[in-house]
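Read off the chains here:
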Amino acid sequence: MSGALDIEEALKQLPSHERLEIALWLLQGLKKGAVESAEGGGELSPALPDYSARRQRIFGNKVLPNMVLAARAEDRW
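None of the values given here were measured: they were computed from a predicted structure.

Analysis parameters
- Residues numbered from 1 in each chain as written.
- Predicted model: local features only at pLDDT ≥ 70, side-chain atom pairs only at ≥ 80, totals over all residues.
- Heavy atoms only, no water.
- Helix = DSSP H or I, 4+ residues; strand = E, 2+ residues; numbered from the N terminus.
- Buried < 20%, exposed > 50% of the residue type's maximum accessible area, 1.4 Å probe, protein only.
- Areas by Shrake-Rupley, 256 points an atom, 1.4 Å probe, with all protein chains shown as cover.
- Salt bridge = Lys/Arg side-chain N within 4 Å of Asp/Glu carboxyl O.
- Patch = residues over 30% accessible without salt bridge, like charges linked within 9 Å, V, L, I, M, F, W, Y side chains within 5 Å.

Q: Break down the overall build of the protein for me, citing the residues and quoting the values.
A: Along the backbone of the protein there are four helices and zero strands. Overall, the protein shows an N-to-C arrangement of helices and strands of α-α-α-α. Taken across its 77 residues, the protein has 0% of its residues classed as buried. For the protein, the computed accessible surface area is about 7,600 Å², with 59% contributed by carbon and sulfur atoms.

Q: Residue-level account of the pattern of salt bridges, with values.
A: Counted according to the given criterion, the structure contains two salt bridges. The partner of Glu-9 in a salt bridge is Lys-12, and the shortest N-O contact between them spans 3.9 Å. In this pair, Glu-9 and Lys-12 are both assigned in helix α1 (residues 4-12), three residues apart and thus about one turn of the helix distant.

Q: Requested: an account of a nonpolar patch on the surface, with residues and values cited.
A: There is a patch of nonpolar side chains on the surface, built from Leu-20, Leu-24, Leu-27 and Leu-30 and spanning about 410 Å² of accessible area. Residue placement: Leu-20 occurs in helix α2 (residues 16-39). Of the residues examined, Leu-20 reaches a relative accessible area of 52% and is grouped as exposed.

As structure tokens, this is what we get:
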């Protein structure tokens, strides 16, 4: 099965009591996951990339111009 639609079609072909067992199993798994995330202090935010370190790794200690200010200086008002 490659996707949710395939799974849904397979579930429709099962007898109703087996579908109910699968639904209860899924609900228990969701509740267990919710309890574990609540015990862990809530959702963790993803680590953001360190753009400053990346820029320094690429360009070294060069001072880069602010391109927005440079473009505004060239425009006529």
